[in-house]
Amino acid sequence: MEHDGEMPPPIPSHATPAEADAAADDWAARDDFEESPAGSHSHPPPPAAAAAEEEARETSPPAPPAQDIKEIQSTLQSLELQPTDVQHDSAQMEAAERNRKRHLNVVFIGHVDAGKSTAGGQILFLSGQVDDRTIQKYEKEAKDKSRESWYMAYIMDTNEEERAKGKTVEVGRAHFETETTRFTILDAPGHKSYVPNMISGASQADIGVLVISARKGEFETGYERGGQTREHVLLAKTLGVSKLIVVINKMDDPTVGWSKERYDEIEGKMTPFLKSSGYNVKKDVQFLPISGLLGANMKTRMDKSTCSWWNGPCLFEIMDCIEVPLRDPKGPVRMPIMDKYKDMGTVVMGKIESGTISEGDNLVVMPNKANVKVISVYCDEDKVRSAAPGENVRVKLSGIEEEDIAAGFVLSNVGNPVGAVSEFNAQLQILELLDNAIFTAGYKAVLHIHSVVEECEIVDLIEEIDLKRKKESDPKKKKPKRKPLFVKNGAVVVCRVQVSNLICIENFSDSPQLGRFTLRTEGKTIAVGKVVAVPPSGSATFKA
């Protein structure tokens, strides 16, 4: 309010309409020609207006004291957002970004009932993300269902179907921090019916925690042919999980009793299998015993009275020290979209695989080539100015409607967008075909690549690669390509893959995260592969 503190004269409730109009006109006249503050260059009011003003002063109530006016003005000023407040918020945001710890996505994988959700829940409890009262509530809930040992899993398994069945269905997501690292936990389902969901979780992960049950009979079930321990390890390696922590869980079980012999037996069987899956066991894999239910050897090292033979680190220490390959923050922006929703605009969720996304950036959503502007960026629950590769983010966009986005679309640079193709060449390793199936041109399967799930067809087998002869032969001597009609289990083949819709992919050599994939059919992973050639820029297919 810029005028003096005078208020219009009250209009008596018994006044006639004419009197009310006159009073209103009188106030309007005074307001238009009110005396200007000292120092202003306004003209003085005309005599008629001055007379009317004098008459109004006699009938109006006295003006409030100057002190009250100052109080009103200071109150109004305090309600306004001052530039200093904006600067303060901006400084806070910058300080928060400077102090941000490194971020890693960790996926919990393994056979059904190995204890993945329980271990994840225990981590959240030990890191202070869940309070005692909530734990007591879950304990009571689990006891009422005669499932006393499930209560820790309830932290990660949040929906009723998962709690009733004791099986993880969706990929659970939660956050916790250690001294040096922020972690996003991805709790993948272990049941073979939900492997596509496990693939979705593992495709976002930097490191994996393979949970194995030491209980008598449970390790064997998961490790035998058809068990999810084997399939999950192969998928994790294919999907880019470069480091693996193998936690041998349920060591407190009466059938185990923290037995070193049982621990050594499991490690001895897993080591050759991990090597055959492509892991360098000495550099990229670490084993340790834990009890997810009791929290033993997780946040703090094992007490010798519990397990006298273990001298190694605890789980938190290993996770804190683990090194993963650095990504390029100055590379081209690549963010596969996992999910989207409406919230005062269009919001997309995903993991930044390459480049940096900042407020105000102009980007493009592929494959529909929609130009968008970044309104805001959120890491976890914090609003940030920019986010680097490896961060799980929510990005609010303008310029596109939520219904025009689907999972598998990719946010990328306007000047260097990701390719959108309907066919590509790939190097495939055949793992295990269905009984009586022949892998040849015309073979159909479901393709999983980053957040894309599409039906595909093998349209041509280009070359079979003989790995043994390749190792033995002189690299300078080029041998003629062996174009096969069909291949069997264990074969490595270069083939052309075709899909019905446009998908966003890149050569594995340019972007491993957007160039590695799996083929599944009838609930079984039959092959893993990498993209080795895509059509020329601007074209969706290879020209004949």
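This one's a predicted model, so the numbers in the text were calculated from it and none came from an experiment. (Residues numbered from 1 in each chain as written. Predicted model: local features only at pLDDT ≥ 70, side-chain atom pairs only at ≥ 80, totals over all residues. Heavy atoms only, no water.)

**Some details on unusual backbone geometry**
Note the following rule: Helix and strand definitions follow DSSP, with helices as H or I runs of at least four residues and strands as E runs of at least two, each counted in order from the N terminus. Any residue under 20% of the maximum accessible area for its type is buried, any over 50% is exposed, and the rest in between are partly exposed; the area is computed with a 1.4 Å probe on protein chains only.
Cis rather than trans, the peptide bond between M366 and P367 has omega equal to 15°. Of note in the backbone geometry, W258 takes a positive phi value of approximately 55° without being a glycine. Residue position: W258 is located in the loop between β5 (243–249) and α11 (260–276). With a phi angle near 40°, H450 is a residue other than glycine that sits in the positive phi range. Exposure remark for H450: the relative accessible area of 10% places this residue in the buried category.

**Thoughts on the pairing of strand β21 (residues 492–504)**
A regular strand places its side chains so that they alternate between the two faces of the sheet. Where we set the bar: The rule for pairing is simple: two strands pair if DSSP sees at least two bridges between them.
Inspection of the sheet shows strand β16 (residues 420–430) paired to β21 by nine bridges, in the antiparallel sense. Each bridged residue has a counterpart across the sheet, and for F424 the counterpart in β21 is V497. Two elements, strand β19 (residues 452–465) and β21, share eight bridges in a ladder whose sense is antiparallel. Counterpart to E464 in the pairing with β21 is V493.

**Describing the nonpolar core**
We count it as follows: Here, nonpolar core means buried Ala, Val, Leu, Ile, Met, Phe, Trp, Tyr and Cys residues that are tied together by side-chain atoms lying within 4.5 Å of each other.
Counting residues in each nonpolar core, the largest one holds 67 residues, and the members touching the most others are I245, M270, L274 and F287. Residues F424, I458, L461 and A527 belong to the second largest nonpolar core, which totals 28 residues.

**Comments concerning the sheet that holds β19**
Adjacent strands of a sheet form backbone hydrogen bonds with each other and so pair up, either parallel or antiparallel. Applied cut-off: Geometry is summarised by axes, namely lines fitted to C-alpha atoms with helices restricted to the contacting stretch, and by angles between N-to-C directions that run from 0 to 180 degrees. Note on contacts: a residue pair qualifies if any of its non-hydrogen atoms lie within 4.5 Å across the two residues.
Strand order in the closed barrel formed by six strands is β16-β21-β19-β18-β22-β23, with antiparallel pairing between adjacent strands. Pairwise comparison of adjacent strand axes, ignoring direction, gives a mean angle of 45° for this sheet. Pairing of β16 with strand β23 (residues 524–533), which is carried by six bridges, proceeds in the antiparallel orientation. Pairing of I430 across the sheet is with A527, part of β23. Packing of helix α8 (residues 195–202) onto the sheet brings it into contact with β18 (444–449) and β22 (516–521), and relative to β22 it is tilted by some 175°.

**A word on the environment of R334**
Among the structural elements, R334 can be located in strand β7 (residues 334–342). Through-space distance from the C-alpha of R334 to that of K351 is 8.8 Å; in sequence the pair is 17 residues apart.

**What to know about empty space enclosed by the protein**
As a reminder of what qualifies: Points on a 1 Å grid over protein atoms alone make up a cavity when a 1.4 Å probe fits among them but cannot get out, and a pocket when they form an open set with protein on both sides within 12 Å along at least five of seven lines; lining residues each have an atom within 4 Å of a point. Grid points are joined across faces, edges and corners, and a volume is the space filled by probe spheres set on the points. We call Asp, Glu, Lys and Arg charged. Ala, Val, Leu, Ile, Met, Phe, Trp, Tyr, Cys and Pro are nonpolar, and the rest, Gly among them, are polar.
The final tally for this structure, using the stated rule, is two cavities of 30 Å³ or more. One number sums up the size of the largest cavity: a volume of about 60 Å³. Considering the residues around the largest cavity, the lining is formed by S203, Q204, P336, M338, K351, E353, H450 and S451. In terms of residue class, the lining of the largest cavity is built from two nonpolar, four polar and two charged.

**Structural notes on the confidence of the model for the protein chain**
Filter applied, for reference: On a range of 0 to 100, pLDDT expresses the predictor's confidence in each residue.
Looking at the protein chain as a whole, its pLDDT mean stands at 79, while 73% of the residues score no less than 70. Confidence drops under a pLDDT of 50 for residues 1–61, and excluding neighbours within four residues, the segment shows 28 contacts in the predicted structure. Below pLDDT 50 for its whole length, residues 74–88 participates in four contacts with residues either more than four positions away or in separate chains.

**Topic: helix α10 (residues 228–238)**
Among the eleven residues in α10, eight count as buried, and that is most of the element. Inspection of α10 places Q228, T229, E231, H232, V233, L235, A236 and T238 among the buried residues, and these make up the whole buried set. Downstream of α10 by a residue or two, G240 has a phi angle that is positive, lying close to 95°.

**What about α11?**
Because an α-helix completes one turn every 3.6 residues, residues spaced three or four positions apart along the sequence face the same direction. To be explicit about the condition: Expected span of a helix: the number of residues minus one, times 1.5 Å.
In a regular helix each residue adds 1.5 Å, so 17 residues correspond to 24 Å; α11 covers 25 Å between its end C-alpha atoms and thus fits that length. Buried residues of α11: R262, Y263, I266, M270, T271, F273 and L274, and no others. Tucked into the core, α11 has its buried residues touching β4 (207–213), α9 (218–223), α10, β5, α12 (281–284) and β6 (285–289). Backbone geometry just downstream of α11 places G278 in the positive-phi region, at approximately 110°.

**Focus on the pattern of salt bridges**
As a reminder of what qualifies: One speaks of a salt bridge when a side-chain nitrogen belonging to Lys or Arg is within 4 Å of a carboxyl oxygen belonging to Asp or Glu.
This model, assessed by the stated rule, comprises 17 salt bridges. Where E177 meets K101, a salt bridge forms, and the shortest distance between an N and an O atom there is 3.0 Å. A residue pair is termed long-range when its members are at least 10 positions apart, and E177 in strand β2 (residues 172–177) and K101 in the loop between α4 (83–98) and β1 (102–109) qualify at 76 residues. Here the salt bridges share partners, and the residues they tie into one network are R215, E218, K250 and D253.

**Observations concerning the pairing of β1**
Among the eight residues of β1, seven are classified as buried, and the element is accordingly described as predominantly covered. Two elements, β1 and strand β3 (residues 181–187), share seven bridges in a ladder whose sense is parallel. Following the sheet pairing, F108 is matched in β3 by D187. In this structure, β1 lies alongside β4, joined through four bridges in parallel fashion. Residue pairing across strands places F108 opposite V209, the latter belonging to β4.

**Describing the side chain of S117**
Counted only if it meets this: Any pair of nitrogen or oxygen atoms within 3.5 Å is treated as a polar contact; in protein, a donor-acceptor pairing is required on top of that, and neighbouring residues in sequence qualify only through side-chain atoms on both sides.
The residue S117 is located in helix α5 (residues 116–126) in this model. Within the structure, the side chain of S117 is placed 2.6 Å from the side chain of D187, a separation counted as a polar contact.

**Concerning the environment of G355**
Mapped onto the elements of the fold, G355 is located in the loop between β8 (346–351) and β9 (357–358). Remark: the alpha-carbon pair of G355 and R334, spanning 21 residues in sequence, is separated by 6.6 Å. Here G355 is in contact with D328, P329, G331, P332, V333, A387, A388 and P389, once residues within four sequence places are set aside.

**Some details on the packing of aromatic side chains**
Selection rule: For this analysis, a ring pair means two rings from Phe, Tyr or Trp (six-membered ring only for Trp) whose centres lie within 6.5 Å, classed as stacked if their planes differ by under 30 degrees, edge-to-face if by over 60, and tilted for the remaining angles. Either the NZ atom of lysine or the CZ atom of arginine qualifies as a charge over a ring when it sits within 6 Å of the ring centre and within 35 degrees of the ring normal.
Summed over the entire model, instances satisfying the criterion amount to nine aromatic pairs. On the basis of an interplanar angle of 40° and a centroid distance of 5.5 Å, the ring pair of F176 and F316 is categorised as tilted. Placement of the pair is F176 in strand β2 and F316 in helix α13 (residues 315–321), with a sequence separation of 140 residues. Side by side, F176 and F316 carry an identical accessibility label, which is buried. The interplanar angle of 45° and the centroid separation of 5.2 Å between the aromatic rings of Y263 and W309 together place this pair among those described as tilted. Taken together, the residues span a long stretch of sequence, with Y263 in helix α11 and W309 in the loop between β6 and α13 at a distance of 46 residues. By relative accessible area, which is 4% here, Y263 ends up buried. Taken together through their ring pairs, the aromatic side chains of F176, F183 and F316 make up a single cluster. Between R230 and the ring centre of Y223, over which it is positioned, the NZ or CZ distance is 4.5 Å. The cationic tip of K237 hangs over the ring face of Y279; the distance from NZ or CZ to the ring centre is 4.8 Å.

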